[in-house]
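For reference, the chains in residue letters:
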Amino acid sequence: MSYLEWAESQLAEIELLTSMFPTLDELELTDQVALAELRDYVEGSTSTDSPPPSRPHFLIKLKLDTASMERTDVILSCTYPSKYPSVLPEITVRCAGLSRAQQTQLHTDLNAYLMENCQKEVCVLTAVDWVKDNLQLFINKSLSAPPAPKKESSSPRLQEVFSRLWIYSHHIYNKTKRKNILEWSKELGLSGFSMPGKPGIVCVEGPHSACEEFWSRVKVLTWKKIMIRHREDIPLDGQDEDSRTVGSIDSLRKFTGFEEAMFDPHGNRGNHMDLGQLYQFLNEKGCCDVFQLYFGIEGR
């Protein structure tokens, strides 16, 4: 399929969804500019051969009856990659009745179902139907999970671990992904930074469990390529690389809070960063050694 054919399929599905969910309480198109650009591209109002840079994003809001709660609010957040429907859309499901672990498992199972049943076909309505049919199962699992056993006072305390993950992505352009990265890091109490553009870099640091939860959420989104390039795990009450005794998570942090860092964006789309400025930023934080791990060259 060509970019125009992909765009035509996207616009047709949005128009179908708009007819099926006619009110803002059911369907919210969060980026009207992206929708207008998509429509202009399909209708030939623009002279460019490449697809619009902004990607359509919308929220489908459902109120479902479940056995455990009278009415459960469920939101499907959907973003179209430029090559959708040849690739899956980016869909996340939010529901207060699910634990984080159940939400992660739901995303994994939903993506597996769509991958198997909707190859190269529009699939948002299929995703909606799947969530309606399967949400109760995940809520039941969440409710039936046994409570964590109380630890006896004499039981040895599990050793806490501080982690720092250095994540590499082929690129990070999508506004929704960038927003998720910022919101999830804040929610999980992680510090670090993200650098959008090509390539995309994300560093998160904090409690090991929070870093793993962040990675489990990020990796299930649709990416051309994403991986943990390097990780650091340091047990508390152990010793750091300078043989100093480590007593707390905060004593190991190299970043204060979490930020999206831009380094003199340039290029046709403004999606390339000045790597010299990135190196200086890392050097100031005391972690310039990862520059060579990312780019294979020594910074200066």
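Residues numbered from 1 in each chain as written. Predicted model: local features only at pLDDT ≥ 70, side-chain atom pairs only at ≥ 80, totals over all residues. Heavy atoms only, no water.

In the nomenclature of an unreviewed UniProt entry, the chain is known as RWD domain-containing protein 2B of Cottoperca gobio.

## Notes on the environment of Lys83
Of note, Lys83 is situated in the loop between strand S3 (72–79) and strand S4 (90–95). A residue is classified by how much of its surface remains accessible, and Lys83, at 38% relative accessible area, is partly exposed. Between the C-alpha atom of Lys83 and that of Ala7, which follows or precedes it by 76 residues, the distance is 8.0 Å. Apart from residues lying up to four places away in sequence, Lys83 is in contact with Tyr3 and Trp6. (Helix = DSSP H or I, 4+ residues; strand = E, 2+ residues; numbered from the N terminus. Buried < 20%, exposed > 50% of the residue type's maximum accessible area, 1.4 Å probe, protein only. Contact = heavy atoms within 4.5 Å.)

## Observations regarding helix H2 (residues 32–43)
Given a rise of 1.5 Å per residue, 12 residues ought to cover 16 Å, and the 16 Å separating the end C-alpha atoms of H2 matches this to within 8%. At the N-terminal boundary of H2, the capping side chain belongs to Asp31, with an oxygen 3.2 Å from the backbone nitrogen of Val33. Where H2 terminates, the next one or two residues include Gly44, which has phi positive at roughly 80°. (Expected span 1.5 Å × (residues − 1). Polar contact = N/O pair within 3.5 Å; in protein donor to acceptor, adjacent residues only side chain to side chain.)

## A word on the sheet that holds strand S6 (residues 191–195)
Across the sheet, which stays open at both edges, the five strands sit in the order S8-S5-S7-S6-S9 with mixed pairing between neighbours. The open sheet has two free edges, formed respectively by strand S8 (226–235) and strand S9 (258–260), since each of these has just one partner strand. Adjacent strand axes in the sheet meet at a mean angle of 10°, parallel and antiparallel pairs treated alike. By the bridge criterion, eight bridges tie strand S5 (residues 161–169) to strand S7 (residues 200–207) in an arrangement that is antiparallel. In the strand pairing of S7, Ser163 is matched with Gly206. Along the sheet, helix H6 (residues 208–219) contacts S5, S7 and S8; its crossing angle with S7, the most-contacted strand, is approximately 150°. (Pairing = 2+ DSSP bridges. Axes fitted to C-alpha atoms, helices over the stretch in contact; angles between N-to-C directions.)

## What to know about H6
For H6, spanning 12 residues, the distance from its first C-alpha to its last is 16 Å, which sits close to the expected 16 Å at 1.5 Å a residue. For H6, the set of buried residues is Ala210, Cys211, Glu213, Phe214, Trp215, Ser216, Arg217 and Val218.

## Focus: the packing of helix H5 (residues 175–187) against H6
Their axes nearest at 10 Å, the elements H5 and H6 cross at an angle of 160°. Judged by the inter-axis angle, H5 sits roughly antiparallel to H6. You can see that H5 and H6 cross each other, and the crossing is right-handed. From H5, Ile181, Trp184, Ser185 and Glu187 reach across to H6, where they touch Phe214, Arg217 and Val218. Split into classes, the residues belonging to the contact of H5 with H6 amount to four nonpolar, one polar and two charged. (Parallel < 35°, antiparallel > 145°, perpendicular 65-115°, else oblique. Left-handed = near helix turned anticlockwise from the far one by under 90°. Nonpolar A, V, L, I, M, F, W, Y, C, P; charged D, E, K, R; others polar.)

## Focus: the nonpolar core
Where a protein is soluble and globular, its nonpolar side chains tend to be buried together. If you look at the biggest cluster of nonpolar residues, it comprises 36 residues, and the most contacted ones within it are Phe58, Ile60, Val74 and Leu76. Counting residues per element, this core draws most heavily on helix H4 (residues 124–144), at eight residues. Beyond its immediate chain neighbours, meaning those up to four positions away, Ile60 contacts Leu17, Phe21, Glu26, Leu27, Val74, Ile75, Leu76, Val124 and Val128. With 18 residues, the next largest nonpolar core counts Met195, Leu278, Leu282 and Tyr294 among its residues. (Core = buried A, V, L, I, M, F, W, Y, C linked by side-chain atoms within 4.5 Å.)

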